[in-house]
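# Residue-level structural notes
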Amino acid sequence: MASTDTAAGAPATTGFRPVPQDLARYDTDVADAAVHLGIAAELLTGLAESGLPHVRDAGRGVLFDYTDLTNAALLSGSATSVPEMAWRFLLRFGQSSPDTWFRPQTWNVTVQPPTMTGPVARELGELRLAVPDAGAPGTELLEVLGAPDGSQRDGTQPAAEGYQDGGYRIVVRLTGAEDRVRDPRIRSAYDAVLDALDSGAVTYQAVAEALRSDQDRAWTLGMADCVVASRRITAQLRASGLTARTRRGYILGLVGGDHTWCEVEEDGRWKVLDPVFSHLVGRAGGSDAFREACRGSRFNRLLPCAVDEAAPLIVRADGEPVPLWALAGVSARPWKEGT
């Protein structure tokens, strides 16, 4: 038996916006969160007292929504939590020289389902992973190496589109493109989202998957992640009569991650709009040149997947998205022959 205990003051005391009550899943205790998020348990135990929504379970004690706990770790300032370290590592290339952002780069990429056992694995069942979009601009699939463990069992060949069972290892060449958008309607839509993030009017944070599909509600609540921000720009551009789409894939690095961006058609080609990259790199002290490049340029670390409108990259067998904590294991390193 669990009792709900929430507080209206949570956003002011935690620095982020909690998941709305109708979408929240209170199923994560402090001990599990400390392990999965890599943050000291004592930094989490005060969240209930500070006003973060939770329930009290007779057997497990205080339970939180995992998305809320992810945001607590992301904004904790500990410098050691998994979300903080992941973004800091992935965005280091924004501080490198501009030529490294666009030149052709060949990657050895491994994508595998989350490693889970026991009741958690039984709850999720078989999982399906999105495959790379080999037809995307600047994306060339060179070789399929097989399954993450090196085997060549059936089903390791990435499908032409959509999802497949299990993980895969590939060699892919990504070529960036330095570009800028010219249309004032595009620049206005992009700047409105970026300014809201930079000013704090809308907080960059993790957003529950169920809320990502309702970007207007999330934005009104004052929260956005890359999915919400990209979908908002896409909707505004389409309303202006422009051709735009929302893409979702992976940022490649030693530890990769799920990322979403907007693409708009101009001058006969797709140009990338990435206000979240710009916001995070700016917050981390990145260069103005990189932030400006986010307004039209394609980077050589973005691997688009063959899913429509920023659909989830991992789904259950029935097509339903997995919980936020069920992350794909993504790693990439520059490819060398024989590795």
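Anyway, here's the lowdown on the structure attached to this text. Here the structure is a predicted model, which is why all the values come from computation and not from measurement. (Residues numbered from 1 in each chain as written. Predicted model: local features only at pLDDT ≥ 70, side-chain atom pairs only at ≥ 80, totals over all residues. Heavy atoms only, no water.)

### Some thoughts on the overall build of the protein
Put simply, the test is: In this text, helices come from DSSP runs of H or I with a minimum length of four residues, and strands from runs of E with a minimum of two, each type numbered from the N-terminal end. Relative accessibility thresholds used throughout: buried, under 20% of the residue-type maximum; exposed, over 50%; partly exposed, between the two (1.4 Å probe, protein chains only). The contact criterion used throughout is that any non-hydrogen atoms of two residues lie within 4.5 Å.
Summing up its helical and strand segments, the protein has 14 helices and 18 strands in all. Buried positions account for 51% of the 339 residues belonging to the protein. In the protein, the share of contacts with a sequence separation of at least 24, taken over all contacts with a separation of at least 6, comes to 71%.

### A closer look at the sheet that holds strand β9 (residues 168-174)
Put simply, the test is: Pairing between two strands is assigned when DSSP locates at least 2 bridges connecting them. Note on geometry: axes are lines fitted to C-alpha atoms, helical ones only across the stretch in contact, with angles between N-to-C directions running from 0 to 180 degrees.
The strand order across the open sheet built from four strands is β7-β9-β5-β18, with neighbouring strands paired in antiparallel fashion. Looking at which strands have only one partner, the edges of the open sheet turn out to be β7 (139-146) and β18 (329-334). Across the sheet, the mean angle separating the axes of adjacent strands is 25° when strand polarity is ignored. Pairing of strand β5 (residues 105-112) with β18 involves six bridges; the strand directions are antiparallel. Looking at the pairing, Thr110 lines up with Ser331 of β18.

### Observations regarding a nonpolar patch on the surface
Short version of the rule: Here a patch means residues that are over 30% exposed by relative accessible area and free of salt bridges, tied together within 9 Å if like-charged and within 5 Å if nonpolar (Val, Leu, Ile, Met, Phe, Trp, Tyr). Note on areas: Shrake-Rupley with a 1.4 Å probe; residue coverage comes only from the protein chains shown. Should a side-chain nitrogen of Lys or Arg be within 4 Å of a carboxyl oxygen of Asp or Glu, the pair is scored as a salt bridge.
Among the surface-exposed residues, Phe89, Leu254 and Val255 lie close enough to one another that they form a single nonpolar patch of about 270 Å² accessible area. Structurally, Leu254 can be placed in the loop between β12 (244-251) and β13 (257-266). A residue is classified by how much of its surface remains accessible, and Leu254, at 57% relative accessible area, is exposed.

### Some details on the packing of aromatic side chains
Selection criterion: Each pair of aromatic rings taken from Phe, Tyr and Trp, with Trp reduced to its six-membered ring, is defined by centres within 6.5 Å and is described as stacked if the planes are under 30 degrees apart, edge-to-face if over 60, and tilted in the remaining cases.
Across all of its chains, the model carries seven aromatic pairs by this definition. Plain terms: the ring middles of Phe102 and Phe299 are 6.0 Å apart, the flat faces sit at 15° to each other, and that makes the pair stacked. You can see Phe102 sitting in helix α7 (residues 99-102) and its partner Phe299 sitting in the loop between β15 (295-296) and β16 (302-304), a full 197 residues away along the chain. Overall, Phe299 belongs to the buried group, its relative accessible area being 2%. With a centroid separation of 6.2 Å and an interplanar angle of 50°, the aromatic rings of Phe277 and Phe290 are classed as tilted.

### A few points about helix α9 (residues 184-199)
Counted only if it meets this: A helix is expected to span 1.5 Å for every residue after the first. What the arc covers is the set of directions going from the helix axis to the C-beta atoms.
The first and last C-alpha atoms of α9 sit 21 Å apart over 16 residues, in line with the 22 Å expected at 1.5 Å per residue. Listed as buried for α9 are Ile186, Ala189, Tyr190, Val193, Leu194, Ala196 and Leu197. For α9, the angular spread of buried residues about the axis comes to 155°, placing them on one side. Opposite its buried face, α9 presents the exposed residues Pro184 and Ser199, each directed more than 90 degrees away. Gly200, located one to two residues past α9, shows a positive phi value of around 90°.

### Let's talk about the packing of helix α2 (residues 30-37) against helix α5 (residues 66-74)
Using the following cut-off: Oblique is the label for every angle not falling under 35 degrees (roughly parallel), over 145 degrees (roughly antiparallel), or within 65 to 115 degrees (roughly perpendicular). Take the far helix as your reference; a near helix turned counterclockwise from it by less than a right angle gives a left-handed crossing, and one turned clockwise gives a right-handed crossing. Polarity classes work like this: nonpolar for Ala, Val, Leu, Ile, Met, Phe, Trp, Tyr, Cys and Pro, charged for Asp, Glu, Lys and Arg, and polar for all others, with Gly in that last group.
Their axes nearest at 11 Å, the elements α2 and α5 cross at an angle of 55°. Comparing their axes, α5 and α2 come out oblique. Considering how the two elements wind past one another, α2 and α5 form a crossing that is right-handed. Where α2 abuts α5, its residues Ala33, His36 and Leu37 lie against Tyr66, Leu69, Thr70 and Ala73. Taken together, the residues of the contact of α2 with α5 sort by class into five nonpolar, two polar and no charged.

### Describing the pattern of salt bridges
In this structure the tally under the stated criterion is 26 salt bridges. Asp27 is the salt-bridge partner of Arg25, the closest N and O atoms lying 3.5 Å from each other. According to the relative accessible area criterion, Arg25 is partly exposed, its value standing at 40%. The class of Asp27 is partly exposed, set by a relative accessible area of 28%. For Arg247, the salt bridge is made with Asp133, and the minimal N-O distance between the two is 2.8 Å. Highlighted residues: Arg247 in strand β12 and Asp133 in the loop between β6 (127-130) and β7, separated in sequence by 114 residues. An identical accessibility class is assigned to Arg247 and Asp133; each is buried. Within this structure, Asp179, Arg182, Glu266, Asp267, Arg269 and Lys271 form a network of salt bridges that share partners.

### A closer look at the side chain of Gln205
By the element assignment, Gln205 lies in the loop between β10 (203-204) and α10 (209-212). Once residues within four sequence positions are removed from consideration, Gln205 is found in contact with Phe16, Arg17, Asn71, Leu74, Met223, Ala224 and Asp225.

### A few points about unusual backbone geometry
Phi at Asp267 takes a positive value of approximately 60°, unusual for a residue other than glycine. In this model, Ala310 sits at a positive phi of 60°, which is unusual for a non-glycine residue. In this structure, Ala310 sits in the loop between β16 and β17 (314-316). Judged by its relative accessible area of 0%, Ala310 falls in the buried class.

### A word on the sheet that holds β6
Across the sheet, which stays open at both edges, the three strands sit in the order β8-β6-β17 with antiparallel pairing between neighbours. At either end of the open sheet lies a strand with only one pairing partner, and these are β8 (163-165) and β17. Looking at each pair of strands side by side, their axes are set apart by 35° on average, direction ignored. Both β6 and β8 contribute to a ladder of three bridges, which runs antiparallel. Its bridge partner lying in β8, Arg128 is registered against Asp165.

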